[in-house]
Amino acid sequence: MNTLDTIATRRSIRKFKPDPIPDEALTAILTASIQAPSSKNRQPWRFVVVQGDKHTEMVRVMRQGIANAKARGDDPGSSEHTADVMEQVPLTVFVFNPFGMHPWLARSIEQNFYDVVNIQSIGAAIQNMVLAAQDLGIGSLWICDVFEAYEELRQWLGEESQMIAAVSFGYADERPAARPRKPIKQVARWV
Ligand SMILES: Cc1cc2nc3c(=O)[nH]c(=O)nc-3n(C[C@H](O)[C@H](O)[C@H](O)COP(=O)(O)O)c2cc1C
């Protein structure tokens, strides 16, 4: 597939087959990810791969985190539905920023800029992952609903750094139509 076709045909997938992802495909996805550009070539990404029995356990931890959040009175948003989707997939990659601060903590302006550039770099790395997966015929879902179980998941994963997102991968069991996009005229202007 050429790059523009890969970009145009990628979809967020929320219905997956249980088939495992071959190791070579995961290696290709991670290899694509680390080829992303990054500010000062800092490569501010760290990945934690979760699969097999550990994946089942991870979703349980996420559900517990969501339940804890609800008990505190927080609105769980779409996180319960996302946990249902994650339950179907064989593999999830968590993405961390080792240079980032905990999102609940106040930060200096300098740290704020540092976070902004590092998170942009990590966004590029995640986009490379989902496009590489698409090219390999593998579906993906970029997930920030893991924030509803932020502390629980970080602790279970043994990570102290800033959690940025999770990306679930599996073979798609649906072919969603393209989701609407705002027209270019609405989001870009020429000077
Ligand atoms: C930063 C980010 C966080 C997202 N978090 C979630 C999520 O937690 N759960 C979910 O179902 N989809 C999530 N999505 C997927 C978006 O809902 C999806 O990209 C958007 O609706 C457009 O659909 P498309 O990806 O099929 O083009 C996320 C996407 C991004 C980029």
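Anything mentioned here points back to the structure above.
Scoring rules and cut-offs
Residues numbered from 1 in each chain as written. Predicted model: local features only at pLDDT ≥ 70, side-chain atom pairs only at ≥ 80, totals over all residues. Heavy atoms only, no water. Helix = DSSP H or I, 4+ residues; strand = E, 2+ residues; numbered from the N terminus. Rg over C-alpha atoms; globule rule 2.2 N^0.38 Å. Buried < 20%, exposed > 50% of the residue type's maximum accessible area, 1.4 Å probe, protein only. Contact = heavy atoms within 4.5 Å. Areas by Shrake-Rupley, 256 points an atom, 1.4 Å probe, with all protein chains shown as cover. Near = heavy atom within 4 Å. Polar contact = N/O pair within 3.5 Å; in protein donor to acceptor, adjacent residues only side chain to side chain. Nonpolar A, V, L, I, M, F, W, Y, C, P; charged D, E, K, R; others polar. Pairing = 2+ DSSP bridges. Axes fitted to C-alpha atoms, helices over the stretch in contact; angles between N-to-C directions. Core = buried A, V, L, I, M, F, W, Y, C linked by side-chain atoms within 4.5 Å.

Colleague: So, the overall build of the protein: which residues are in play, and what are the values?
Modeller: Of regular secondary structure, the protein possesses seven helices and four strands. Sequence-ordered secondary structure for the protein, helices as α and strands as β, is α-α-β-α-α-β-α-β-α-β-α. A compact globule built from 191 residues would reach a C-alpha radius of gyration of about 16 Å, and the protein, at 17 Å, matches this within 12%. If you line up the protein on its principal axes, its C-alpha atoms span 45 × 45 × 35 Å. In the protein, which comprises 191 residues, the share counted as buried stands at 41%. Contacts in the protein between residues at least 24 apart in sequence constitute 81% of all its contacts with a sequence separation of at least 6. By element, 54% of the accessible surface of the protein is carried by carbon and sulfur atoms, the whole surface being about 11000 Å².

Colleague: Requested: an account of unusual backbone geometry, with residues and values cited.
Modeller: Its identity as a non-glycine residue notwithstanding, K40 has a phi of 55°, on the positive side. Position of K40 among the secondary structure elements: in the loop between α2 (23–33) and β1 (46–51). Take K40: its relative accessible area is 76%, and that puts it in the exposed class.

Colleague: An account of the site of the ligand is requested, with residue identities and associated values reported.
Modeller: Surrounding the ligand, one finds R10, R11, S12, R14, T82, L141, W142, I143, C144, D145, R179 and R181. Side-chain polar atom of R10 to an oxygen atom of the ligand: 2.9 Å apart, as the coordinates give it. Here an oxygen atom of the ligand and a side-chain polar atom of R179 are 2.6 Å apart. Considered on its own, the ligand offers 620 Å² of accessible surface; in the complex 69% of this is hidden by protein. In terms of residues, the shell around the ligand owes the most to one element, strand β3 (residues 139–143), which gives three residues. In terms of residue class, the shell around the ligand is made up of four nonpolar, two polar and six charged.

Colleague: Any chance you could break down the pairing of strand β2 (residues 91–97) for me, citing the residues and the numbers?
Modeller: Burial of β2 is extensive: seven of the seven residues sit out of reach of the surface. What you see with β2 is no split at all: L91, V93, V95 and N97 on one side and T92, F94 and F96 on the other are buried throughout. By the bridge criterion, seven bridges tie β2 to strand β4 (residues 162–170) in an arrangement that is antiparallel. Along β4, the bridge assignment pairs L91 with F169.

Colleague: Can you tell me about the sheet that holds β1, naming the residues and giving the values?
Modeller: With respect to topology, four strands assemble into an open sheet ordered β1-β2-β4-β3, the strand pairing being antiparallel. The two strands at the open ends of the sheet, each matched to only one other strand, are β1 and β3. On average, each strand axis in the sheet is tilted by 20° relative to the strand beside it, whichever way the strands run. One ladder, built from six bridges, connects β1 with β2; its direction is antiparallel. In the strand pairing of β2, V48 is matched with F94. Sitting on the sheet, helix α5 (residues 109–135) touches β1, β2, β3 and β4, and the angle it makes with β4 is about 5°.

Colleague: Which residues make up the nonpolar core, and what values do they have?
Modeller: Counting residues in each nonpolar core, the largest one holds 24 residues, and the members touching the most others are M62, F94, V146 and L153. Sorting the residues of this core by element identifies β1, α3 (53–71), α4 (79–88), β2, β3, α6 (150–157) and β4 as the ones contributing at least two each. Those residues in contact with M62, other than ones at most four positions away along the chain, are S79, T82, A83, M86, D145, V146, A149 and L153. Residues V95, I122, A125 and I126 belong to the second largest nonpolar core, which totals 22 residues.

Colleague: Can you tell me about the environment of R189, naming the residues and giving the values?
Modeller: Tracing the backbone shows R189 in the segment after α7 (184–187). C-alpha separation for the pair R189 and P90, spaced 99 residues apart in sequence, amounts to 42 Å.

Just geometry here; none of it tells us what the structure is for.
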